[in-house]
Amino acid sequence: MTSNSTPGPKTNQDPTLKEKTAKGLFWGGIGNGFQQIVQLIFGIIMLHLLNSEDYGIVGMLAIFSAIALIIQDSGFSTALVNKKEIRYEDYNAVFWFSVLSSIISYTFLFYMAPFIASFFERPILIPIARILFLSFLINSFGVAQHAFLVKKLMVKERAKIDIFALTISGIIGIILAYNGYKYWAIIIQNISYMTIGVLARWYYCPWKPTLHINFSPLKKMVSFSINIFFTVIFSKVVENIFSILLGKYYDEKQVGYYTQGNKWSTMGGSFVTGMINSVALPVLTELRSEKERQKNAFRKMLRFGALISFPLMLGLAFIGKEFLLIAGGGDKWVPATPYLQLFCIWNSAFYIWSLYTNVIMTHHKSNIFMWGTILTGTLQLIIVIATFKFGILQMVFAYICIYFAGLLFWHYFTNKLIGLRLWHVIKDIAPYLITAIGSITICWFITKNIDNIYLKFILKIIITSVLYLLIIWKSNSVIVRECYEFIKHKFTT
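Model, not experiment: these values are computed from the prediction.

Draft legend 1. Broad picture of the overall build of the protein. Scanning the protein from N- to C-terminus turns up 21 helices and two strands. A total of 493 residues make up the protein; the buried ones form 54% of that total. Surface summary for the protein: the accessible area is close to 22100 Å², and the carbon and sulfur share equals 68%.

Here it is in structure tokens:
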């Protein structure tokens, strides 16, 4: 039984794929936009109700949950999306692998909780860990369904799932935080999000698992997925190294400041990356046999991402201090500002990293993906250890610089695969980057002497946005005109 078959290469323009891509980006934008708004509202409320210690305690366990989530997937979701033809049995094998591996991981971490608490010298982490780790166990029941929705470009359905899960879990978290449950509010919110998301995937996904457990279909995917597995494991360890170091050698406050700075920048960055990733891998997979078309699709996504990412993320860095003052109801979260700004700068370009790696994976080069990530991560670990004595901010700065250097590595292999020159990339993103920086600079001069924090915050957003949009529109940007025509058609037909 074949659930998804794809015809061979086409020489003519494929309007169906183009329409699916545009529709996917549209709903990806709507979905991710609403998600960020929901997260913003609930996040601000939670900032008022909780303190840095509450976030810091939960942040210490982030790496363990992240690794468990990777184990339950083991790269098979990406392998499914990357396959031309998928059978029912492929999804079923991934489903049962995810569930069984998560049960094993949870059991192991349940008994490891006392050792984790001993490492951080905080006994309270024992019950916290055992409850928090239920979230990845619950999530395992929706891994295969998520892969199905991605493969079928069911972006609208995925958007509904995420918005619904975020809204309900956010309300639960606020109620608990308001009633004094502190860090437990964050934990229960996380578990609620996973539970609601899994139930919604089962509702929207037409594919359902059977009790016939057969892992043989995984054999054809394992050579691809194993590289993804080790890659993501390594990258998550590197990404969470600060939570470990800060939790071990500093107090909960420092972990909380770092976590919040990273959290808000990641929210903004995930809007762009999530929107593009909702279509990038399946679309680029469809075009991998046609190098020129794949390159053109890549460049269009590159320009589209630049159009949104640079003003959004650099703008967030620009208003970072005012945002934390207003959102936090005072200066208790202001120390998180430098972390927020540094991560915003990186997240403005993260979508490019994601696009590069998507191209590499569509050509079945998961080994390059693995070794590139390991190389980048190793350099980051070395630079973190080397700069540890200089302070937290210096470590984060050096860590992010390695990320930018890693873009050159990914570009080299992308160029080998589809003939994408570095000049193409610079030409595609430079107008949007320069316009964003120019708009922010002009706005800074206009607003620098304003003392009222609320007025300054609002004017920064309005002036920068108007300047950016006006310059981009007057420059006759093709991608802007295409976006405008698509949205106009969408709402007039």
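Here the narrative resumes, following the displayed structure.
Draft legend 2. Looking closely at the packing of aromatic side chains. In total, this model carries 28 aromatic pairs according to the counting rule given. Between the aromatic rings of Trp353 and Tyr403, the centroid separation amounts to 5.3 Å while the plane-to-plane angle is 85°, which identifies the pairing as edge-to-face. Remark: Tyr403 occurs in helix 18 (residues 392-418) and Trp353 occurs in helix 16 (residues 337-362); sequence separation between them is 50 residues. Taking relative accessible area as the criterion, Trp353 reaches 9% and is therefore assigned buried. Take Tyr403: its relative accessible area is 10%, and that puts it in the buried class. Among the aromatic residues, ring-to-ring pairing joins Trp346, Phe350, Trp353, Phe369, Tyr399, Tyr403, Phe404, Phe409, Trp410, Tyr412 and Phe413 into one connected group. Positioned above the aromatic ring of Phe110 is the side chain of Arg130, whose terminal nitrogen or guanidinium carbon lies 4.1 Å from the ring centre. In this structure, Lys460 packs its charged tip against the face of Phe318, placed 4.2 Å from the ring centre.

Draft legend 3. A look at the packing of helix 6 (residues 125-132) against helix 10 (residues 183-204). Interaxial distance between helix 6 and helix 10 falls to 10 Å at its minimum, and their mutual angle equals 20°. As judged from the angle between their axes, helix 6 and helix 10 are roughly parallel. For the pair helix 6 and helix 10, the sense of crossing is right-handed. Mapping the contact onto sequence places Pro127, Ile128, Ile131 and Leu132 in helix 6 and Tyr183, Trp184, Ile187, Asn190 and Ile191 in helix 10. Among the residues making up the contact of helix 6 with helix 10, the classes are represented as eight nonpolar, one polar and no charged.

Draft legend 4. Seen up close, the environment of Trp353. Spatially, the C-alpha atoms of Trp353 and Thr273 are 9.6 Å apart, while their sequence positions differ by 80 residues. With residues up to four places along the chain from it excluded, the contact list for Trp353 reads Trp346, Thr376, Tyr403, Gly406, Leu407 and Trp410.

Draft legend 5. Representation of unusual backbone geometry in the model. Here Glu121, not a glycine, exhibits a phi torsion of approximately 60°, which is positive. If you trace the backbone, Glu121 turns up in the loop between helix 5 (88-120) and helix 6. What makes Glu121 exposed here is its relative accessible area of 64%. Even without glycine at this site, Lys182 takes up a positive phi of about 50°. By the element assignment, Lys182 lies in the loop between helix 9 (155-178) and helix 10.

Draft legend 6. Highlighting the pattern of salt bridges. The tally for this structure, following the rule as stated, stands at six salt bridges. In this structure, Arg299 engages Asp428 in a salt bridge whose closest nitrogen and oxygen atoms are separated by 2.8 Å. You can see Arg299 sitting in helix 14 (residues 291-318) and its partner Asp428 sitting in helix 19 (residues 422-447), a full 129 residues away along the chain. You'll find Arg299 and Asp428 in the same group, each marked buried. Each of Arg299, Arg303 and Asp428 takes part in salt bridges that share partners, so that together they form one network.

Draft legend 7. Representation of helix 17 (residues 366-387) in the model. Taking 1.5 Å per residue, 22 residues should reach 32 Å; helix 17 reaches 31 Å between its end C-alpha atoms and fits that length. Regarding helix 17, the residues found buried are Ser366, Ile368, Phe369, Met370, Gly372, Thr373, Thr376, Gly377, Gln380, Val384 and Thr387.

Draft legend 8. Representation of the side chain of His363. Take His363: it is sitting in the loop between helix 16 and helix 17. With sequence-adjacent residues up to four places away left out, His363 is seen in contact with Arg288, Gln294, Leu417 and Ile418.

Draft legend 9. Main features of the confidence of the model for the protein. Mean pLDDT over the protein: 82, with 87% of residues reaching 70 or higher. The element-level mean pLDDT for the protein is lowest in strand 1 (residues 2-4), coming to 38, with helix 19 highest at 94. In the predicted structure, residues 1-15 sits below a pLDDT of 50 and forms 29 contacts with residues beyond four places in sequence or in another chain.

Draft legend 10. Highlighting the environment of Val143. Structurally, Val143 is set in helix 8 (residues 143-151). Separated by 45 residues in sequence, Val143 and Ser98 have C-alpha atoms that sit 6.9 Å apart. Ignoring sequence-local partners within four residues, the contact set of Val143 consists of Gln72, Asp73, Ser77, Val94, Ser98 and Arg201.

Draft legend 11. Region of the structure containing the packing of helix 16 against helix 18. Their axes nearest at 9 Å, the elements helix 16 and helix 18 cross at an angle of 20°. Relative to helix 18, the element helix 16 is oriented roughly parallel. In this structure, helix 16 meets helix 18 at a crossing whose hand is left-handed. Among the residues forming the contact of helix 16 with helix 18, the class breakdown is 25 nonpolar, four polar and no charged.

Draft legend 12. View of a nonpolar patch on the surface. A surface patch of nonpolar side chains, amounting to about 590 Å² of accessible area, comprises Phe34, Ile37, Ile41, Ile45, Leu49 and Tyr178. Here the nonpolar patch gets five residues from one element, more than from any other, and that element is helix 1 (residues 15-49). Its place among the elements puts Ile45 in helix 1.

Draft legend 13. Spatial organisation of the environment of Leu375. Among the secondary structure elements, Leu375 is positioned in helix 17. Classification of Leu375 as partly exposed rests on a relative accessible area of 43%. The sequence separation of Leu375 and Gly406 amounts to 31 residues, and the corresponding C-alpha distance is 8.6 Å.

Parameters and conventions
- Residues numbered from 1 in each chain as written.
- Predicted model: local features only at pLDDT ≥ 70, side-chain atom pairs only at ≥ 80, totals over all residues.
- Heavy atoms only, no water.
- Helix = DSSP H or I, 4+ residues; strand = E, 2+ residues; numbered from the N terminus.
- Buried < 20%, exposed > 50% of the residue type's maximum accessible area, 1.4 Å probe, protein only.
- Areas by Shrake-Rupley, 256 points an atom, 1.4 Å probe, with all protein chains shown as cover.
- Phe/Tyr/Trp six-rings, centres within 6.5 Å; stacked < 30°, edge-to-face > 60°.
- Lys NZ or Arg CZ within 6 Å of the ring centre and 35° of its normal.
- Axes fitted to C-alpha atoms, helices over the stretch in contact; angles between N-to-C directions.
- Parallel < 35°, antiparallel > 145°, perpendicular 65-115°, else oblique.
- Left-handed = near helix turned anticlockwise from the far one by under 90°.
- Contact = heavy atoms within 4.5 Å.
- Nonpolar A, V, L, I, M, F, W, Y, C, P; charged D, E, K, R; others polar.
- Salt bridge = Lys/Arg side-chain N within 4 Å of Asp/Glu carboxyl O.
- Expected span 1.5 Å × (residues − 1).
- pLDDT = per-residue confidence, 0-100.
- Patch = residues over 30% accessible without salt bridge, like charges linked within 9 Å, V, L, I, M, F, W, Y side chains within 5 Å.

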